[in-house]
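Chains, contacts and geometry: an overview
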Amino acid sequence: MSISVGINGFTFHSPNRQKSFKTLLSSQFINQLQVNSLFPRALPSPPPNSSKPFKFIREKLKPISVSSTPTFETPKIAFRSKNPKDINVLVVGSTGYIGKFVVRELVNRGFNVIAVARERSGIRGRNGKEDTLDKLDGANVCFSDVTHLGSLEQSLGNLGVSIDAVVSCLASRSGGVKDSWKIDYEATKNSLIAGRNHGASHFVLLSAICVQKPLLEFQHAKLKFEAELIKEAEEDDGFTYSIVRPTAFFKSLGGQIELVKDGKPYVMFGDGKLCACKPISEPDLASFIADCVLSEDKLNKVLPIGGPGKALTPLEQGEILFRLVGRKPNFLKVPIEIMDFAIGVLDFLVKIFPSMEDAAEFGKIGRYYAAESMLVLDPETGEYSAEKTPSYGNDTLEEFFERVLREGMAGQELGEQAIF
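First things first, this report covers the structure right here in the doc. (Residues numbered from 1 in each chain as written. Predicted model: local features only at pLDDT ≥ 70, side-chain atom pairs only at ≥ 80, totals over all residues. Heavy atoms only, no water.)

Here's the deal with the overall build of the protein
Helix and strand content of the protein: 13 helices and 13 strands. In the protein, which comprises 420 residues, the share counted as buried stands at 52%. The contacts of the protein with a sequence gap of at least 6 include a subset with a gap of at least 24, amounting to 79%. (Helix = DSSP H or I, 4+ residues; strand = E, 2+ residues; numbered from the N terminus. Buried < 20%, exposed > 50% of the residue type's maximum accessible area, 1.4 Å probe, protein only. Contact = heavy atoms within 4.5 Å.)

Right under this line is the structure:
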């Protein structure tokens, strides 16, 4: 069954569309949500000005390294002793690329999942309510707006239940300057505030391993929220967090599969060895994030995570792809200096045309991923370390390439994140 919550009230949706509304109201779902509620139904009202968006300040924070993770004692939270079906997990960013996998994993593990979604979701809002309900099958869908704290508070209040844990998979779709601060900081903080006001004692944050070396706006936005999340746990020993910093996703490395399949060269910067990563599949990452809800060994920690196997450079990724298509490797090597020149031009133009701010930022994003490894940055050496980047899961990039060559990129669309 699913709940669809709007600003003015809520309605119920069921996978079994033949059930009557009366049946839905008396269903086990209502009882399940209210069992062992840690807080009364009369939940705190949002602050007087909570309906107004945050005024963010762009702060350049020092990155939080794994070695500097706080070591204060982590409490045992009451909800972890309950059966998963009695644990209410709020998922924000549920319709995003990773969020969909996380919702599915949590549902499969038996948690009572409340998935927050916009009324129009997906790339450029192409999915309506019915599409969202189908994609988040098994979860209780709450239609609301995470960028508007007042709306989110009211939507959760309409449910009349407490939240045990929040899982945030929010991320800017474009990486643009304003969008990064609106989503990676402001909306994520809204989720923390609303979750805490409704009883949440644990927060799982999907961050990114690249915040270790912050040069981009979305990295600074993520770091600002990470710092505030850690401070929240330091000041309240009844609250915990898990910050998950994954390496590259499979889909972000799949943009050239069809090109190579069609006989085109594989494009890479420099000699193809400027950077490396230990890519992780979306289901494996979702499984790791779900582990963080109950695993006490993941409390109050920054958790970098990669997939199985060795770290792969773009050159090695291309070699795998050519071997799978049965072609002799054909690489197009692009000097990284070309991007430096383009960024310089864009930075100059932004001073004249401020509206080009995002275009300049996109150039910097492309440059960053072309040269920086998605591995743990060793604070002692200042170098990226494959050995210090933990591995998790079973899915390999080669298996992903094989599947896409057979079935195409359906469901793996890069959308606004495409570079090539």
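A few points about a nonpolar patch on the surface
A cluster of nonpolar side chains, contributed by Phe348, Ile352 and Phe353, occupies part of the molecular surface with about 320 Å² of accessible area. The residue Phe348 is located in helix H11 (residues 336-352) in this model. (Patch = residues over 30% accessible without salt bridge, like charges linked within 9 Å, V, L, I, M, F, W, Y side chains within 5 Å. Areas by Shrake-Rupley, 256 points an atom, 1.4 Å probe, with all protein chains shown as cover. Salt bridge = Lys/Arg side-chain N within 4 Å of Asp/Glu carboxyl O.)

Regarding the environment of Lys213
Positionally, Lys213 belongs in the loop between strand S7 (202-206) and helix H7 (217-235). By relative accessible area, Lys213 is classed as partly exposed at 32%. In this structure, the C-alpha to C-alpha distance between Lys213 and Tyr368, residues 155 residues apart in sequence, is 9.9 Å. Not counting the four nearest positions on each side in its chain, Lys213 is found in contact with Gln219, Tyr368, Glu372, Leu377 and Tyr384. A polar side-chain atom of Lys213 sits 3.1 Å from a polar atom in the side chain of Glu372. (Polar contact = N/O pair within 3.5 Å; in protein donor to acceptor, adjacent residues only side chain to side chain.)

Section: the nonpolar core
In a soluble, globular protein the nonpolar side chains are often hidden away together inside. Counting 35 residues, the largest nonpolar core has Leu106, Val167, Ile289 and Val293 as its most contacted members. Only strand S3 (88-92), helix H3 (97-108), strand S4 (112-117), strand S5 (140-143), strand S6 (165-168), S7, helix H9 (282-294) and strand S10 (301-305) provide two or more residues apiece to this core. Top element by residues in this core is H9. It accounts for seven residues. Counting residues in each nonpolar core, the second largest holds 32 residues, with Leu149, Leu152, Tyr185 and Phe225 among its members. (Core = buried A, V, L, I, M, F, W, Y, C linked by side-chain atoms within 4.5 Å.)

Looking at H11
Taking 1.5 Å of rise per residue, the 17 residues of H11 would be expected to cover 24 Å, and the 26 Å separating its terminal C-alpha atoms lies within 8% of that figure. Looking only at H11, the buried set comprises Ile336, Met339, Ile343 and Leu346. Taken end-on, H11 shows its buried residues confined to a sector of 75°, consistent with a single buried face. For H11, the exposed residues set more than 90 degrees away from the buried face come down to Glu337, Phe341, Phe348 and Lys351. (Expected span 1.5 Å × (residues − 1). Arc of directions from axis to C-beta.)

Structural notes on the pairing of S4
Counting buried residues along S4, six of its six residues qualify, which places the element largely inside the surrounding structure. Across the two faces of S4 the burial is the same, with Asn112, Ile114 and Val116 and Val113, Ala115 and Ala117 all buried. Across four bridges, S3 lies against S4 in parallel orientation. By the bridge assignment, Val89 is partnered in S4 with Val113. (Pairing = 2+ DSSP bridges.)

Details of the packing of aromatic side chains
For the coordinates displayed, the defined rule picks out nine aromatic pairs. Judged by centre distance (5.3 Å) and plane angle (45°), the rings of Phe250 and Phe400 are tilted. Of this pair, Phe250 sits in the loop between strand S8 (240-246) and helix H8 (257-261) while Phe400 sits in helix H13 (residues 397-407), and the two are 150 residues apart along the sequence. The burial state of Phe250 is the same as that of Phe400; both residues are buried. With centroids separated by 5.5 Å and ring planes inclined at 80°, the aromatic side chains of Phe322 and Phe331 adopt a geometry described as edge-to-face. Taken together, Phe250, Phe400 and Phe401 form an aromatic cluster joined through their ring pairs. Above the face of the Phe143 ring, Lys129 is positioned so that its terminal group lies 5.3 Å from the ring centre. (Phe/Tyr/Trp six-rings, centres within 6.5 Å; stacked < 30°, edge-to-face > 60°. Lys NZ or Arg CZ within 6 Å of the ring centre and 35° of its normal.)

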